[in-house]
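Structural overview for review
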Amino acid sequence: MDVHKRKALLEEAARQIRTGRYGRAAALLKQLSDDDADNAEVRGLKGTLQLQLGDLLAAKGIFEGLAMEAIEGQNLQQAESLLHEYLAVGSQCVPLIALLARTYEAKGELAFAAREYAKALDKLRGYGAKTVLFDVMFLETREGDAELAAASKRHGNVVHLYTVQPGATEAAPPKVQMPVPVVRASASLLACPIITDH
């Protein structure tokens, strides 16, 4: 399919979704997908269509895949936009809330990241999660630490991580780096991941 025809079909599929003609949109997207199943624009419109149809699980898979590809390609603005589109409808999806937080971290927008982590903690608490173990370390003071700490306290059983690095020499003591004080105080437990070269 030539570029002009693909563009016209994409625009028409988007218009059909906007006007609520989902059957026609699905037919156009199938035609486009048959021609190039990996096309990100086609996949994005399929995700939008699934959201409109209320199939959050199918939409989640599409949006998560596209956002991960955007992050890997350092297109963080696109990843953020995709995640916001999904979360506007599927606002209870903790994995995508956490992915949005990681996207904000990569962009250097640490206060926004902390808010999203706090939101994820509150959702997990609402779902009855007994324990939450962060795989993100909060070792430097940043805007939003207090909000994250408050969510950790509300949850009541959050494990935050610290690091231990060997000393410069065998005789030197190891270097321990704890979470920032407000986050450390909010944790029910602290844990140290063990990372080896083996």
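Starting afresh in each chain, residues are numbered from 1 along the sequence in its written order. Side-chain atom pairs in this predicted model are given and counted only at pLDDT of 80 or more, local residue features only at pLDDT of at least 70, and totals for whole chains, interfaces and linings cover all residues. Water and hydrogen atoms play no part in the side-chain values, which are based on all heavy atoms of the structure.

**Some points on the overall build of the protein chain**
Comment: elements are numbered from the N terminus, with helices defined as DSSP H or I runs of at least four residues and strands as E runs of at least two. What the protein chain contains, in helices and strands, is nine helices and five strands. Counting from the amino terminus, the protein chain carries its helices and strands in the arrangement α-α-α-α-α-α-α-β-α-β-β-β-α-β. The principal-axis extent of the C-alpha atoms belonging to the protein chain is close to 70 × 40 × 30 Å. Throughout this description, buried means an accessible area under 20% of the type-specific maximum (1.4 Å probe, protein chains only), exposed means over 50%, and partly exposed covers the range between. Taken across its 198 residues, the protein chain has 38% of its residues classed as buried. Put simply, of all contacts in the protein chain between residues at least 6 apart along the chain, 55% involve residues at least 24 apart. Any two residues having at least one pair of non-hydrogen atoms within 4.5 Å are treated as being in contact.

**Describing helix α4 (residues 56-72)**
Every α-helical turn comprises 3.6 residues, leaving residues that sit three or four positions apart pointing alike. A helix is expected to reach a length of 1.5 Å times the quantity of its residues less one. The terminal C-alpha atoms of α4 lie 24 Å apart, and with 17 residues this matches the ideal 24 Å at 1.5 Å per residue to within 8%. Buried within α4 we find A59, K60, F63, L66, A67 and A70. Buried residues of α4 fall within an arc of 145° about the axis and therefore sit on the same side. Along α4, exposed side chains directed more than 90 degrees from the buried face belong to L57 and E72. On its buried face, α4 sits against α3 (40-53), α5 (76-87) and α6 (94-107). As used here, the arc is the angular range of directions from the helix axis to the C-beta atoms.

**Section: the environment of S81**
Within the secondary structure layout, S81 lies in helix α5. Between the alpha carbons of S81 and L66 there is a distance of 11 Å; along the sequence they are 15 residues apart.

**Describing the environment of L110**
Mapped onto the elements, L110 comes out in helix α7 (residues 110-126). Excluding its chain neighbours within four sequence positions, the residues that come into contact with L110 are E105, R142 and E143.

**Quick word on the environment of E12**
Mapped onto the elements of the fold, E12 is located in helix α1 (residues 3-18). Linking E12 and A25, residues 13 residues apart in sequence, is a C-alpha distance of 7.7 Å. At 2.8 Å, the side chain of E12 and the side chain of R15 are in polar contact. N or O atoms within 3.5 Å of each other form a polar contact, as long as, within protein, one can give a hydrogen and the other can take it, and as long as residues adjacent in sequence are counted only when both atoms are side-chain atoms.

**With respect to the side chain of R6**
For R6, the location among the structural elements is in helix α1. Residue class for R6 comes out buried when judged on its relative accessible area of 17%. When neighbours within four sequence positions are excluded, R6 is seen to be in contact with M1, L32, D35, D36 and N39.

**Overview of the nonpolar core**
Looking at soluble globular proteins, one finds that nonpolar side chains tend to be buried together. Membership of the largest hydrophobic core comes to 33 residues, with the highest contact counts inside it found for Y86, Y117 and F134. For this core, the secondary-structure elements that each account for two or more residues are α4, α5, α6, α7 and α8 (145-155). In terms of residue count, the dominant contributor to this core is α6 (seven residues). Non-local contacts of Y117, meaning those with residues more than four positions away in its chain, are made with A98, A101, R102, E105, F134, V136, F138 and L148. Residues grouped as a nonpolar core are buried Ala, Val, Leu, Ile, Met, Phe, Trp, Tyr and Cys residues, joined through side-chain atoms within 4.5 Å. Listed in part, the 12 residues of the second largest apolar core include I17, L32, V42 and L49.

**Re the layout of surface pockets**
Approximately 200 Å³ is the volume found for the largest pocket. Contributing to the lining of the largest pocket are 13 residues, with A98, Y117, L124, F134 and D135 lying nearest its centre. Taken together, the elements giving at least two residues each to the lining of the largest pocket come down to α6, α7 and β1 (132-133). Considering only residue class, the lining of the largest pocket consists of 11 nonpolar, no polar and two charged. With a 1 Å grid spanning the protein atoms alone, the term cavity applies to any set of points in which a 1.4 Å probe fits but cannot get out, the term pocket to an open set with protein on both sides within 12 Å along at least five of seven lines, and the term lining residue to any residue with an atom within 4 Å of a point. Grid points are joined across faces, edges and corners, and a volume is the space filled by probe spheres set on the points. Three categories are distinguished: nonpolar for Ala, Val, Leu, Ile, Met, Phe, Trp, Tyr, Cys and Pro, charged for Asp, Glu, Lys and Arg, and polar for the others, with Gly belonging to the last.

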